[in-house]
There are 2 protein chains.
Amino acid sequence: MPRAVDTGEPSRERSPSRIGTCGVLCEECRVRPISVCRSLAGPALDELDAITQRVRLAAGRILFDEGEPADNLFTLTEGVVKLFKMLPDGRRQITGFLVPGDFLGLAYFRSYAYSAEAVTDAHLCRFPRERFMALLERHPALEKELLSRASSELAAAQEQMLLLGRKSARERVASFLASLARRHGSTGGSLIALPMSRYDIADYLGLTVETVSREIQAAKASGVIEMPDRHHFRVVDRQRLEAAAASG
Amino acid sequence: MPRAVDTGEPSRERSPSRIGTCGVLCEECRVRPISVCRSLAGPALDELDAITQRVRLAAGRILFDEGEPADNLFTLTEGVVKLFKMLPDGRRQITGFLVPGDFLGLAYFRSYAYSAEAVTDAHLCRFPRERFMALLERHPALEKELLSRASSELAAAQEQMLLLGRKSARERVASFLASLARRHGSTGGSLIALPMSRYDIADYLGLTVETVSREIQAAKASGVIEMPDRHHFRVVDRQRLEAAAASG
DNA sequence: TCGCGGCATTGACCCAGATCAAAAGGTCGG
DNA sequence: CCGACCTTTTGATCTGGGTCAATGCCGCGA
């Protein structure tokens, strides 16, 4: 099992620039800094910067394991991270794929409720739990932002329960591709990355690799999508993709 | 489709009693008042009481439908309520069963992300969204409580994803019974209510009624549980029940 | 450049749980 | 008390997707 502890020095000096309403700035990702909090005003941002540590995580490395003491919170600034839970016998359920801007290690737990692993090389901002919580006390706006994020995560989780409990394999794969396309903001025709393996997709959709592969092939064959290579696709017929997803 | 709008007059007069750290008091359920917020101090409670409306809901009636404008938030004070999402063709996934003390209609959405229906006769406290949000502004402790609840709901949702995506029918039913027993705080041997129908259980576990029925019969036959009637059970062999649940 | 190891795809077969069917309780209005 | 209707149980059969087995593909290290 790969295990990463890639630190990142506290970096006390003020970030040299901020763009728009964005908050914590990742030095290496300056081109695309991601806010931990869209609605934070100046002072809160400064304090957040002060407790921020930069972390890098190579693809395939574990950020933390389920059950570990939850000593840190994170925001993802670059790359893709997957969250998952496992059963004692090795069966795995991926509960989500995080993209830049997403928050990780949500508060109010003694220990992490899931494991987190990098799908691609990733950059994160790390906040020591204690200090972050103290900051939360002083800045209700930050708390509000977290509540808002928790709410949308909850809605996404419920949607995923619908998928896992009631959708067919074809519908699951179509839903997955459609939601990637939606997240991508693609109006159709643009190239969308599929950075995770077929195994990851299977463990996210509650299927086997073989079934995922077959359904993706079927989607290609029916002309709903195009795939220039295994890790990129294009939505050719959005209508039919959405229909196949059976979205409520 | 049954549809309930059972109001409940604003009830402006102060609640005559409070027990321990409990908050909003349901007049009819005085024997067991349930807090909306364990950590609220006096002033916040008074303000909460001021915007509270009592609502009653007969078994089988809808509190609200997915997609409706989310004009109200609720806490359940008595009874059991189920939350669910549906697909256009009628397939249904129940995402949770609420018990007294649970919060409902979480903030930061324009419209409800799911439908809510009473499993048994239920009593709720209703808070008009606007006023509740305003109150939230003034009382960070309330916000903190909501965040805490959202976090545990999220953890529960992830556990359910693991169940729906990766567990067998036997494991699902065992997990369900085990979690009811845990929630009940049963040390073993005590009678636990199973107020929902087999259909509801099936739609919660992503199975069919027939499969749920068969697995429950199997659990009885193997001596893991006892059932004095169809809507009550007793855990006879907690060891084996937990083992069958394959809980991570 | 070659060869190895981990993805990905494809095919053949199988089985857990769905579907179909029917009977047995239970509940409620009249 | 009757009868209609619904929930639950039980049995028989079917099938979507899992399992097992190969082969192809690709990236990487030496």
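Note that the structure is predicted; figures quoted are calculated from it, not measured. (Residues numbered from 1 in each chain as written. Chains lettered and ligands numbered in written order. Predicted model: local features only at pLDDT ≥ 70, side-chain atom pairs only at ≥ 80, totals over all residues. Heavy atoms only, no water.)

1. As for the pairing of strand β7 (residues 115–118) of chain A
Residues and elements named next belong to chain A. On β7, burial covers both faces: Ser115 and Glu117 on one face and Ala116 and Ala118 on the other are all buried. Here strand β2 (residues 62–64) pairs with β7 via 2 bridges, running antiparallel. Bridged to Ile62 within β7 is Glu117. (Buried < 20%, exposed > 50% of the residue type's maximum accessible area, 1.4 Å probe, protein only. Helix = DSSP H or I, 4+ residues; strand = E, 2+ residues; numbered from the N terminus. Pairing = 2+ DSSP bridges.)

2. So, the protein's contact with DNA strand D
Around DNA strand D sit 18 residues, and of these A:Ala169, A:Thr211, B:Arg198, B:Ser213 and B:Gln217 come closest. For DNA strand D, the backbone makes up 69% of the atoms found within 4 Å of the protein, where backbone means sugar plus phosphate. Taking A:Glu210, its side chain carries an N or O atom lying 3.0 Å from a base nitrogen of DNA strand D. The leading source of residues in the surface near DNA strand D is helix α6 (residues 209–221) of chain B, at 4 residues. (Near = heavy atom within 4 Å. Polar contact = N/O pair within 3.5 Å; in protein donor to acceptor, adjacent residues only side chain to side chain.)

3. A look at the confidence of the model for chain A
When pLDDT is averaged across chain A, the result is 84; 81% of the residues are at 70 or more. Counted against residues more than four places away or in other chains, residues 1–39 of chain A, with its pLDDT under 50, gives 95 contacts. (pLDDT = per-residue confidence, 0-100. Contact = heavy atoms within 4.5 Å.)

4. Observations concerning the interface of chain A and chain B
On the side of chain B, 48 residues touch chain A, which itself brings 48 residues to the contact. Each partner contributes to the roughly 4,300 Å² buried at the junction of chain A and chain B, and carbon and sulfur atoms together form 65% of this total. For the chain A face of the interface with chain B, the top three residues by lost area are A:Leu147, A:Met161 and A:Arg166, together amounting to 18%. Of the charged contacts in the structure, one is a salt bridge between B:Glu159 and A:Lys85, with a shortest N-O distance of 3.2 Å. (Buried area = accessible area lost by both parts, 1.4 Å probe. Salt bridge = Lys/Arg side-chain N within 4 Å of Asp/Glu carboxyl O.)

5. A few points about the environment of B:Asp237
Residues and elements named next belong to chain B. With respect to the secondary-structure elements, Asp237 resides in the loop between β11 (232–235) and α7 (238–245). Asp237 gets classed as partly exposed once you look at its relative accessible area, which sits at 22%. With 15 residues separating them in the primary sequence, Asp237 and Ser222 have C-alpha atoms 9.8 Å apart. Of note is the side chain of Asp237, whose polar atom sits 3.0 Å from the side chain of Arg240.

6. Considerations on the nonpolar core
Within the largest apolar cluster, 72 residues are counted, with the highest numbers of intra-cluster contacts made by A:Phe176, A:Leu194, A:Phe233, B:Phe176, B:Leu194 and B:Phe233. Discounting chain neighbours no more than four positions away, the residues touching A:Phe176 are A:Phe97, A:Leu194, A:Met196, A:Ile201, A:Tyr204 and A:Leu205. Ranked by size, the runner-up nonpolar core spans 30 residues in total, among them A:Phe127, A:Met133, A:Leu142 and A:Ala150. (Core = buried A, V, L, I, M, F, W, Y, C linked by side-chain atoms within 4.5 Å.)

7. A closer look at the packing of aromatic side chains
Taken as a whole and assessed by the stated rule, the structure comprises 16 aromatic pairs over all chains. Ring centres 3.6 Å apart and planes at 10 degrees place the aromatic pair B:Phe64 and B:Tyr112 in the stacked group. Taken as a pair, B:Phe64 in strand β2 (residues 62–64) and B:Tyr112 in the loop between β6 (103–104) and β7 (115–118) lie far apart in primary sequence, 48 residues in all. Accessibility classification places B:Phe64 together with B:Tyr112 in one group, the buried group. Positioned over the ring face of A:Phe84 is A:Arg92, at 5.7 Å from the centre of the ring. (Phe/Tyr/Trp six-rings, centres within 6.5 Å; stacked < 30°, edge-to-face > 60°. Lys NZ or Arg CZ within 6 Å of the ring centre and 35° of its normal.)

8. Remarks on the pattern of salt bridges
Where charged atoms from two side chains of opposite charge come close, those side chains can pair. Counted according to the given criterion, the structure contains 36 salt bridges over all chains. A:Arg149 is the partner of A:Glu145 in a salt bridge, and the nearest nitrogen-oxygen pair spans 2.9 Å. In this pair, A:Glu145 and A:Arg149 both sit in helix α3 (residues 140–166), 4 residues apart, roughly one turn of the helix. Take A:Arg149: its relative accessible area is 12%, and that puts it in the buried class. Residues B:Arg166 and A:Asp203 are paired through a salt bridge, measuring 2.7 Å at the closest nitrogen-oxygen approach. In this pair, B:Arg166 is assigned in helix α3 (residues 140–166) and A:Asp203 in helix α5 (residues 198–205), connecting two distinct chains. B:Arg166 gets classed as buried once you look at its relative accessible area, which sits at 15%. One salt-bridge network, held together by shared partners, links A:Lys82, A:Arg92, A:Glu117, A:Asp200, A:Asp203 and B:Arg166.

9. Digging into the protein's contact with DNA strand C
Around DNA strand C, 18 residues are found, and the nearest of them are A:Arg198, A:Gln217, A:Arg230, B:Ala169 and B:Thr211. Here A:Arg198 contributes a backbone N or O atom positioned 2.5 Å from a phosphate oxygen of DNA strand C. The contact in question runs from a phosphate oxygen of DNA strand C to an N or O atom on the backbone of B:Ala169, over 2.7 Å. A total of 4 residues in the surface near DNA strand C trace back to one element, the largest contributor, which is helix α6 (residues 209–221) of chain A. When the residues that make up the surface near DNA strand C are grouped by side-chain class, the tally is 3 nonpolar, 8 polar and 7 charged. (Nonpolar A, V, L, I, M, F, W, Y, C, P; charged D, E, K, R; others polar.)

10. Re the relation of the copies chain A and chain B
Mapping chain A onto chain B calls for a screw motion: a turn of 180 degrees about the axis and a shift of 0.0 Å along it, with 0.0 Å RMSD after fitting. The transformation just described matches what one would write down for a two-fold rotation axis. Interface overlap between copies is the fraction of interface residues in one copy that are interface residues in the other; for chain A against chain B it reaches 100%, indicating a shared surface. (Least-squares fit on C-alpha atoms with pLDDT ≥ 70 in both.)

11. Details of the sheet that holds strand β10 (residues 225–229) of chain B
Residue and element names in this part refer to chain B. The strand order β9-β11-β10 describes an open sheet built from 3 strands, whose pairing is antiparallel. The open sheet is flanked by β9 (191–193) and β10, the only strands paired with a single partner. For this sheet the average axis-to-axis angle between neighbouring strands, irrespective of direction, equals 35 degrees. Two elements, β10 and β11, share 3 bridges in a ladder whose sense is antiparallel. Considered in β11, the bridge of Asp229 is made with His232. (Axes fitted to C-alpha atoms, helices over the stretch in contact; angles between N-to-C directions.)

12. A look at the sheet that holds strand β5 (residues 92–98) of chain B
Residue and element names in this part refer to chain B. Reading across from one edge, β2-β7-β4-β5 is the order of the 4 strands in this open sheet, with antiparallel pairing throughout. Edge strands, defined here as strands with exactly one partner in the open sheet, are β2 and β5. Between one strand axis and the next, the sheet turns through 30 degrees on average, direction left out of account. As paired elements, strand β4 (residues 81–86) and β7 share 4 bridges and run antiparallel to each other. Its bridge partner lying in β7, Val81 is registered against Ala118.

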